[in-house]
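Each chain, letter by letter, is given below.
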Amino acid sequence: MDRRNDYGYRMPPVQFKHLIGHERGGRNYRWNPWGQRPPPPRDVAILQERANKLVKYLLVKDQTKIPIKRSDMLKDVIQEYDEYFPEIIERASYALEKMFRVNLKEIDKQSSLYILISTKESSAGILGTTKDTPKLGLLMVILSVIFMNGNKANEAVIWEVLRKLGLRPGVRHSLFGEVRKLITDEFVKQKYLEYKRVPNSRPPEYEFFWGLRSYHETSKMKVLKFACKVQKKDPKDWAAQYREAVEMEVQAAAVAVAEAEARAEWFQHQYWLYWRTQHQHWLQWWTQFYRWLRRWTEHRCWLQRWTEQRCSLWWWSHQPWCL
Amino acid sequence: MQGSSRRTGTMTDVHRRFLQLLMTHGVLEEWEVKRLQKHCYKVHDCNAPVEKLEDFIHNINSVLESLYIEIKKGVTEDDGRPIYALVNLATTAISKMASDFAENELDLFRKALELIIDSETGFASSTNILNVVDQLKGKKMRKKEAEQKEGEFTLHTRAILEMEQHIRETYPDAVKICNICHGLLIQGQSCETCGIRMHLPCVAKYFQSNSEPRCPNCNDYWPHEIPEVFDPEKERGAGLSKPSRKSLRPRQH
């Protein structure tokens, strides 16, 4: 029973539900060594241990801020338990929230990229400055330019602004290093910005957009407030941007609610599974008892009907007109 | 759902913020840690009494136990300052780092580590390290694992805290142990006659107010200068402008 995918390459007998798109087949497909064997039995202790390992793995990998791929997680940590991937990742994100107050978010559903974000509002008042703070400040400036410019900005526009701050392409800065590399390479890899070529432009021109991580780590409202603080204006003065920012907030709130509900449902389901395993014997006994009770009531009904029939027969037979 | 096991300690938002901020900075000195703790209490819960630092950290460690990571307290080898860092207790230290660094960077680190441990003074000069792996430029390691001192490299206290177990297992013959605290020794003083070694802060504490310092093993005169015991009060009083690695001006953002 040979299954062949769209490219005509042979697929393994066990289907990988958690690999998507290009990972499933095609020339990039790599044969996973555990694919052939049947999935191991569900053992909560081992699942929790894998989840703990995954927590540490995510904490280390997130240091570079480059989003973590699902395939990397499967290959390095989860390995043969890929059937239980949703459960392991749910346990890991629960542990991350409980211990470190960071959320594990999937920013790109198509290519399954994950990042860690701190929950709650900004970590306002981080004691002192870390080495990342100047970069984030620069990023904030760029994000505000992009947003105020209508969600996209030409490279030339960005460099105009940066020139005013004293940053020039090709000139090394003491804090940022090579600024061009920072904004076109590092920030893009970290998914803070997107750097795309303007279609049909000769000589090639490039544009900046907000990256997926920026949408999660900050919001349009915050960026608008920052821009207005710099210009000493009221956010409502920028009507179109203000409307957009409000819309975005509403959307984000709705998404958060939906996620929380899905989470709660998942937890409930897990609890029910757990409860079921704990009360297995009692459940079995109860089902048997219930069946017996049903049979008994049926039998009783039958007995009643039979008695009634007999009684009525007797009554009829003892009527004066029959005798 | 057994997410985080709450055996001995309970973790509140104060603990979580503290942990997050400690992880951001990597390694902090004791006075910075105390200040951080007060700051976390202020941000979340002004009314709760500020726990003692040891209990506070013990609370956090009991929750993190299942992940095999811990906030460890260590002492810097050169001047005895107490520092705190989050370390990984699982012994697969180097292989875990494989996700962060390139293969040749890891190789360089391993070779540099060997050089540092084998050397007499605990320092490996940059030229030696450069000779070992000639295709890589001698760049400073990102995680503060190596600390530079006039062209020589040694291990930062954080690296010693985290990798002590691993170093003891990997280089059992070359590793040096302090005579007083029996901990791993990278930098320290050694007796010239019998060869025992001691950390500088251990020396300071052992020979405190002793006019005639003698080696505890062979009873010969101790040939080196006895350093002063680290006193946090004196350090703070001497001036808040002591040179620190990063600027510590608090900033809201």
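These notes cover the structure that comes with them. Just so we're clear, the structure is a prediction, and the values are computed from it rather than from any experiment.

1. With respect to the overall build of chain A
Stage number 1. In terms of helices and strands, chain A carries 10 helices and 8 strands.
Stage number 2. A separation of at least 24 residues holds for 54% of the contacts in chain A among residues at least 6 apart in sequence.
Stage number 3. For chain A, the computed accessible surface area is about 20700 Å², with 56% contributed by carbon and sulfur atoms.

2. Describing the overall build of chain B
Stage number 1. If you tally the helices and strands in chain B, you get 9 helices and 10 strands.
Stage number 2. Going through the 253 residues of chain B one by one, you find that 44% of them count as buried.
Stage number 3. Looking at chain B alone, contacts between residues at least 24 apart form 54% of all its contacts between residues at least 6 apart.
Stage number 4. Approximately 13900 Å² of chain B is accessible, and the part contributed by carbon and sulfur atoms is 49%.

3. What about the pattern of salt bridges?
Residue and element names in this part refer to chain A.
Stage number 1. Summed over the entire model, instances satisfying the criterion amount to 21 salt bridges over all chains.
Stage number 2. With a closest N to O distance of 3.1 Å, Glu155 and Arg180 form a salt bridge. Residue Glu155 is located in helix H5 (residues 155–164), and its partner Arg180 is located in helix H6 (residues 179–189); the two are separated by 25 residues in the primary sequence.

4. So, the packing of aromatic side chains
Stage number 1. Summed over all chains, the structure comprises 18 aromatic pairs over all chains.
Stage number 2. Pairing Tyr195 of chain A with Phe208 of chain A gives two aromatic rings, centres 5.0 Å apart and planes at 40 degrees, and the pair type is tilted. Placement of Tyr195 of chain A in strand E7 (residues 193–197) and of Phe208 of chain A in strand E8 (residues 206–210) is noted, with a sequence separation of 13 residues between them.
Stage number 3. Each ring, one from Trp210 of chain A and one from Tyr215 of chain A, has its centre 5.2 Å from the other, and the planes form 50 degrees; the classification is tilted.
Stage number 4. Over the ring of Phe209 of chain A we find Lys196 of chain A; its NZ or CZ atom is 5.5 Å from the centre of that ring.
Stage number 5. In this structure, Arg214 of chain B packs its charged tip against the face of Tyr221 of chain B, placed 4.3 Å from the ring centre.

5. Regarding the sheet that holds E8 of chain A
Residue and element names in this part refer to chain A.
Stage number 1. The 3 strands lie next to each other as E4-E8-E7, forming an open sheet whose pairing is antiparallel. Of all the strands in the sheet, just strand E4 (153–154) and E7 have a single pairing partner and so form its edges.
Stage number 2. Where E4 lies against E8, 2 bridges are found, and the strand directions are antiparallel. Bridging across to E8, Ala153 finds its partner in Phe208.

6. Points about a nonpolar patch on the surface
Stage number 1. A surface patch of nonpolar side chains, amounting to about 940 Å² of accessible area, comprises Trp282, Leu283, Trp285, Trp286, Phe289, Tyr290, Trp292, Leu293 and Trp296 of chain A.
Stage number 2. Within the secondary structure, Trp282 of chain A is located in helix H10 (residues 280–317).

7. Side note on the environment of Ser62 of chain B
Stage number 1. As for its placement among the helices and strands, Ser62 of chain B is situated in helix H3 (residues 53–64).
Stage number 2. Along the primary structure Ser62 of chain B and Thr10 of chain B are separated by 52 residues, whereas in three dimensions their C-alpha atoms are 8.5 Å apart.

8. Notes on the state of the cysteines
Throughout this description, disulfide means a covalent bond between two cysteine sulfur atoms.
Stage number 1. Per the counting criterion, the structure on display carries 0 disulfides over all chains.
Stage number 2. Cys218 of chain B takes part in no disulfide bond, and the closest cysteine sulfur, belonging to Cys194 of chain B, lies 3.5 Å away.

9. Brief notes about the side chain of Asn52 of chain A
Stage number 1. Its location among the elements puts Asn52 of chain A in helix H1 (residues 44–61).
Stage number 2. Accessibility expressed as a relative area gives 12% for Asn52 of chain A, which makes it buried.
Stage number 3. Ignoring any residue separated from it by four or fewer positions in sequence, one finds Asn52 of chain A in contact with Ser66 and Leu67 of chain B.

10. Concerning helix H1 (residues 13–25) of chain B
Because an α-helix packs 3.6 residues into every turn, residues spaced three or four apart end up facing the same way.
Residues and elements named next belong to chain B.
Stage number 1. Relative to the 18 Å expected for 13 residues at 1.5 Å per residue, H1 spans 18 Å between its end C-alpha atoms, a close match to the ideal helical length.
Stage number 2. Among the 13 residues in H1, 10 count as buried, and that is most of the element.
Stage number 3. Listed in full, the buried residues belonging to H1 are Val14, His15, Arg16, Arg17, Phe18, Leu19, Gln20, Leu21, Leu22 and His25.
Stage number 4. Within two residues after H1, Gly26 carries a phi angle of roughly 90 degrees, on the positive side.

11. Quick word on the nonpolar core
Stage number 1. Counting 48 residues, the largest nonpolar core has Leu54, Leu96 and Phe100 of chain A together with Phe18, Leu64 and Ile71 of chain B as its most contacted members.
Stage number 2. Here this core gets 8 residues from one element, more than from any other, and that element is helix H3 (residues 85–100) of chain A.
Stage number 3. Those residues in contact with Leu54 of chain A that sit more than four places away from it in its chain are Met73, Val77, Ile88, Ile89 and Ala92 of chain A.
Stage number 4. With 28 residues, the next largest nonpolar core counts Leu143, Met148, Ile158 and Leu182 of chain A among its residues.

12. Structural notes on the sheet that holds strand E2 (residues 69–75) of chain B
Backbone hydrogen bonds hold the strands of a sheet together, and the pairing may be parallel or antiparallel.
Residues and elements named next belong to chain B.
Stage number 1. Ordered by their spatial adjacency, 3 strands build an open sheet running E1-E3-E2, and the pairing between neighbours is antiparallel. The sheet is open, and its two edges are formed by strand E1 (27–29) and E2, each paired on a single side. Sheet twist, expressed as the average angle between the axes of neighbouring strands with direction ignored, equals 25 degrees.
Stage number 2. Against the sheet, helix H7 (residues 157–170) contacts E1, E2 and strand E3 (82–88), and its axis sits at roughly 45 degrees relative to E3.

Definitions and cut-offs
Residues numbered from 1 in each chain as written. Chains lettered and ligands numbered in written order. Predicted model: local features only at pLDDT ≥ 70, side-chain atom pairs only at ≥ 80, totals over all residues. Heavy atoms only, no water. Helix = DSSP H or I, 4+ residues; strand = E, 2+ residues; numbered from the N terminus. Contact = heavy atoms within 4.5 Å. Areas by Shrake-Rupley, 256 points an atom, 1.4 Å probe, with all protein chains shown as cover. Buried < 20%, exposed > 50% of the residue type's maximum accessible area, 1.4 Å probe, protein only. Salt bridge = Lys/Arg side-chain N within 4 Å of Asp/Glu carboxyl O. Phe/Tyr/Trp six-rings, centres within 6.5 Å; stacked < 30°, edge-to-face > 60°. Lys NZ or Arg CZ within 6 Å of the ring centre and 35° of its normal. Pairing = 2+ DSSP bridges. Patch = residues over 30% accessible without salt bridge, like charges linked within 9 Å, V, L, I, M, F, W, Y side chains within 5 Å. Disulfide = S-S within 2.5 Å. Expected span 1.5 Å × (residues − 1). Core = buried A, V, L, I, M, F, W, Y, C linked by side-chain atoms within 4.5 Å. Axes fitted to C-alpha atoms, helices over the stretch in contact; angles between N-to-C directions.

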